[in-house]
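Each chain, written out:
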Amino acid sequence: MPPADSSTTAATEARAAHAVVLDRITVRYGDARRGRRGRAPVTAVSDVSLTLDRGEFVVLVGPSGCGKTTLLRIVAGFERPAEGTATTHGEAPTPGRGTGVVFQQPRLFPWRTVGGNLAFALARHGVPRDARAARTAELLSQVGLSGMEHRRTWELSGGQQQRVAIARALAGEPELLLLDEPFAALDALTREHLQEEVRTLASRTGTTVLFVTHSAEEAILLGSRVLVMAAGPGRIVEEIAVPLPREPTTDVAALRGTAEFARLRGELAASLRNTATS
Amino acid sequence: MSTAAPADPELAPVASSTASGSSEEVPPLKADPATSKPRNRNPLRFAALRWTALRLVALAVLLGAWQLVVVLEVWPRVLVPSPGEVWHQFILASTVHDGVRGYGDHLLIEHLAVSLRRIGIGVGYAVVFGVPLGVAIGAVRPVAVVLEPAVTFLRTLPPLAYLSLLVIWFGIDESPKIWLLVIAAMPPIAASTAAAVRGVPGDLVEAAKALGAGRLPLLGGVVLPSALPEILTGIRIAVGVAYTSVVAAETINGVPGIGGMIRDAQRYNQTSVVIVGIIAIGLSGIVLDALMKALERVLVPWRGRA
Ligand SMILES: Nc1ncnc2c1ncn2[C@@H]1O[C@H](COP(=O)(O)OP(=O)(O)OP(=O)(O)O)[C@@H](O)[C@H]1O
Ligand SMILES: [Mg+2]
C-alpha cells in the first residue's frame, strides 16, 4: 500500500483487526431511492455502532421489531446502511464470504434431501465430492441428527429443520457466524443441548459469533457480551459483560446452576423489562 | 380460449383419481360396526372401485342416449352414426381387411403414432428453446421488455392463422407441421418458466448466497429446481396445445396422421371415421395427461410442501 495515505491505511488495518465493525449506521426500509414511491421510509435502526473482536461471542437481545434481524442482515451483506459504514474483517460485507448465516426460518432447499442441503454448502466451499459424505455425517452428528442424510426436509419437524440449517451454516467453517433466534422453535432439552454445543464449538474453533435471541437465559449463557436493544428507532441501549468462563473444556451445563449465572440473568431480565416499558 | 383441450383442468381430476385413487375424493366413511369391518379392510381401494363404477355407469348412460338418438332418427344417419357403426369403423381402421390397410393405407394406431411423434418432436423443441427463453425473460429485464410481448403475441394466435405462412415457407412436408407445433407449444412453456423464475422465493436465494453460491450454482441449485414444478405444468399445457394444434398442422398433406385422417374422412362425409379419430385423440390425451402428472409426482415430490 502506498505510504502517502498512512492515516487511512491505519484505519483500514484497525478495522481488519476486528471481525465486525459497524460505524454509526442507520438503516431505512422503503427508501424513496429504492423505488418505493409514495411510502415514507421506515428507520429500522438508527446510529448504531458495534465492534466485534475476532473470537468474540456477542448476543443481541431486545423486543420484537427493534432491529435485531436488520443488524444481522447488514453484517451478512444483504442490506446496505443508508448512513455509516459496515465492515467484516476489514471489507464491505458480502454474502457467502466466510460468514455463515442461520436465519430466523430454516430456509432449507426442499428439492434436496437433508444430506443434499449440506452437500450444496460443502460444494460451494470447495470440499471435493468424495469427502462430502463423511463431512455431512460429521455435521449431522454435531446437531444430533445422525443418520438423517436421506430424509426429505419437509418430513422433519420444525426444530429438526432448524438444526439442519445450523449444520448447513457450519459446513463452510465460517470465521463469522450469524444466528437469528436459531433455537426459538426447539423443545427445551434440544435447545439446551444445542446451546452447549454452539458455545463449546465457538470457544474451540475461535469462531466469531453474533447471536440474536429473546431469552435472557440464553443470552447470558452464550454471550461474552450482551447488547440490549430498544425499538423506535432501533438502537443499542445497554451493554452487559458476562465474565463466565469460556474455555473449550468449560462444563456449560453446570454453569446454569451457578449463582453468578443467576445474578447476571436477573440483571439482564430487569434491563429488558425497563426497555420494554420505557 | 380453448387451447388445452386434452389437458383441460376439468379433465384433471378424472385422470388423476383413476391413477392414484386420490384420497380427497373419498367421502367420510359411515361408522357402521356391523357392516364396515369386512368391507373397509382397504377403504381407499374400495372408494377407487366405487368411483370407477360410477364412471362406467356414466359412460353406459352416454352410449345409451347416443343409441337412442340414432334409433329415433333425430338427425339423419349420415350425420350421427350409431355407436355400433363407429365401433365397426374402429375395427376397420385398426385392421387389414380385404387387402386394405386400416384407413388411407395406415392403421389407426399408425396414424396416432405419427401424430404423437410430431407432438413429441414439437414439444421437445419447444422445451429446449422455451425453458431457456423463459429463464431469460424471467431473470433479465431487457430481454423481458423485448420478448415478453412477442411470446404473448404468439400465444394468442390460432395455429391455423400462421399455417399458411409456414406452408409458403417450408412446403407441405414434415417441417411446417413441426414448426407449427413448436410455435404453438413454446409460448406456454416460456411464459410459465418466466413466471416461475420471477416467483423464486427470495428467502432461498438469500440462503444460497449466504452459503457462497455464485450465479451458476444459484441458477442450477435454486432457480431451476424451484421453478421446476411450474415448468412441468407449462409443459403439460404445451402438450395440450400441441394436441389441439396437431389437427390444424395436418390439414395439408397430413396422412398418415390422426388429423389428416379426420380431414380426409370429412372430405368423403365418413362421419364414423371422424368420430373414431376424435375419440382416439381424446383418449390418448387423457392417458398422456395422466402420465405427465405421474412424472410430476416423481420429479417434484416437494410440490406444495415447502
Ligand atoms: N423488508 C422490510 N421492509 C420494511 N420494513 C422492514 C423490513 N424489514 C424490517 N422492517 C422494519 O424494521 C424494523 C426492525 O425489524 P427487524 O426484523 O430487524 O426486527 P427484529 O428485532 O428482528 O424483530 P423480531 O424479534 O420480531 O424478529 C421493524 O419495525 C420492521 O417493521
Ligand atoms: Mg428478527
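Everything quoted here is computed from the prediction, not taken from an experiment.

Undergrad: Run through the packing of aromatic side chains, naming residues and quoting values.
TA: Tallied over the full model, the rule gives 10 aromatic pairs over all chains. Look at A:Phe109 and A:Trp111: their rings are 5.9 Å apart centre to centre, the planes differ by 15°, and that puts the pair in the stacked class. For the pair A:Phe109 and A:Trp111, one class covers both residues: buried. Among the aromatic residues, ring-to-ring pairing joins A:Phe109, A:Trp111, A:Phe120 and B:Trp302 into one connected group. In this structure, A:Arg107 packs its charged tip against the face of A:Phe103, placed 3.9 Å from the ring centre. The ring of A:Phe120 has A:Arg124 lying over it, and the distance from NZ or CZ to the ring centre is 4.8 Å.

Undergrad: How would you sum up the pattern of salt bridges? Please name residues and give values.
TA: Note on pairing: side chains with opposite charge can pair once their charged atoms come close. Counted by the stated rule, this structure contains 26 salt bridges over all chains. A:Arg28 is the salt-bridge partner of A:Glu83, the closest N and O atoms lying 2.8 Å from each other. Linking A:Glu83 in strand β4 (residues 83–88) with A:Arg28 in strand β1 (residues 18–29), this pair joins segments that are 55 residues apart in sequence. A:Glu56 serves as the salt-bridge partner of A:Arg225, at 2.7 Å between the closest nitrogen and oxygen. Remark: A:Glu56 occurs in the loop between β2 (42–53) and β3 (57–61) and A:Arg225 occurs in strand β8 (residues 225–230); sequence separation between them is 169 residues. Judged by relative accessible area, A:Glu56 falls into the buried class, the value being 16%. Among the ionic contacts, a cluster of salt bridges with common partners joins A:Arg73, A:Glu79, A:Arg107, B:Asp203 and B:Glu206.

Undergrad: Lay out helix α9 (residues 202–210) of chain B with the relevant residues and their values.
TA: For α9(B), every residue scored as buried is listed here: B:Leu204, B:Val205, B:Glu206, B:Ala207, B:Ala208 and B:Ala210. Where α9(B) is buried, its residues touch α2 (68–76), β5 (99–102), α3 (114–124) and α5 (158–170) of chain A together with α10 (215–249) of chain B. Looking one or two places after α9(B), you find B:Gly212, whose phi comes out positive at around 95°.

Undergrad: Outline the site of ligand 1, listing residues and values.
TA: Residue and element names in this part refer to chain A. The local shell around ligand 1 consists of Tyr29, Ala44, Ser64, Gly65, Cys66, Gly67, Lys68, Thr69, Thr70, Gln104, Glu181 and His214. Gly67 places a polar main-chain atom, nitrogen or oxygen, 3.0 Å from an oxygen atom of ligand 1. Burial of ligand 1 by the surrounding chains reaches 65%, relative to a free accessible area of 630 Å². Counting residues per element, the shell around ligand 1 draws most heavily on α2, which supplies three residues. Looking at the shell around ligand 1 residue by residue, the class counts come to three nonpolar, seven polar and two charged.

Undergrad: Got a sec to walk through the confidence of the model for chain B? Specific residues and values, please.
TA: Residue and element names in this part refer to chain B. Averaged over every residue, the pLDDT of chain B is 86; the share at 70 or more is 86%. In this model, residues 1–37 is a region of pLDDT below 50 whose contacts with residues beyond four sequence positions or in other chains number 46 contacts. Our summary of model confidence lists the complex with pTM equal to 0.81 and ipTM equal to 0.88.

Undergrad: Which residues make up the coordination of the magnesium ion (ligand 2), and what are the values?
TA: All names here are of chain A. Coordination of the magnesium ion (ligand 2) by the protein comes from Thr69 (OG1) and Gln104 (OE1), over a distance range of 1.9 to 2.5 Å. Remark: Gln104 occurs in the loop between β5 and α3 and Thr69 occurs in helix α2; sequence separation between them is 35 residues. Residue classification places Thr69 among the partly exposed positions, given a relative accessible area of 29%.

Undergrad: Give me the nonpolar core: which residues, what numbers.
TA: Residues A:Val226, A:Leu268 and B:Val222 are the most contacted members of the largest nonpolar core, which totals 113 residues. Of all the elements, α10(B) adds the most residues to this core, at 14 residues. If sequence neighbours within four positions are ignored, A:Val226 has contacts with A:Val59, A:Val61, A:Ala219, A:Ile220, A:Glu238, A:Glu239, A:Ile240, A:Val242 and A:Leu268. Membership of the second largest hydrophobic core comes to 29 residues, among which are A:Ile25, A:Ile74, A:Val101 and A:Leu178.

Undergrad: Got a sec to walk through the domain arrangement of chain A? Specific residues and values, please.
TA: All names here are of chain A. Domains assigned within chain A are domain 1 (19–98 + 175–278) and domain 2 (106–173). The straight-line distance from the C-alpha centre of domain 1 to that of domain 2 is 24 Å. Contacts between the two partners involve 14 residues from domain 1, matched on the other side by 10 residues from domain 2. Between domain 1 and domain 2, the buried area comes to about 900 Å², and carbon and sulfur atoms account for 64% of it. Taken together, domain 1 and domain 2 are joined by zero salt bridges. At the boundary of domain 1 with domain 2, the tally comes to one residue pair in polar contact (both at pLDDT 80 or more). Element by element, the count of residues in the side of domain 1 that touches domain 2 is highest for helix α6 (residues 188–205), at six residues. In the side of domain 1 that touches domain 2, the residues fall into seven nonpolar, three polar and four charged.

What counts as what
- Residues numbered from 1 in each chain as written.
- Chains lettered and ligands numbered in written order.
- Predicted model: local features only at pLDDT ≥ 70, side-chain atom pairs only at ≥ 80, totals over all residues.
- Heavy atoms only, no water.
- Phe/Tyr/Trp six-rings, centres within 6.5 Å; stacked < 30°, edge-to-face > 60°.
- Buried < 20%, exposed > 50% of the residue type's maximum accessible area, 1.4 Å probe, protein only.
- Lys NZ or Arg CZ within 6 Å of the ring centre and 35° of its normal.
- Salt bridge = Lys/Arg side-chain N within 4 Å of Asp/Glu carboxyl O.
- Helix = DSSP H or I, 4+ residues; strand = E, 2+ residues; numbered from the N terminus.
- Contact = heavy atoms within 4.5 Å.
- Near = heavy atom within 4 Å.
- Polar contact = N/O pair within 3.5 Å; in protein donor to acceptor, adjacent residues only side chain to side chain.
- Areas by Shrake-Rupley, 256 points an atom, 1.4 Å probe, with all protein chains shown as cover.
- Nonpolar A, V, L, I, M, F, W, Y, C, P; charged D, E, K, R; others polar.
- pLDDT = per-residue confidence, 0-100.
- Donors = N, O, S within 2.8 Å, 3.2 Å for Na, K, Ca; no water.
- Core = buried A, V, L, I, M, F, W, Y, C linked by side-chain atoms within 4.5 Å.
- Domains from an automatic or database assignment.
- Buried area = accessible area lost by both parts, 1.4 Å probe.

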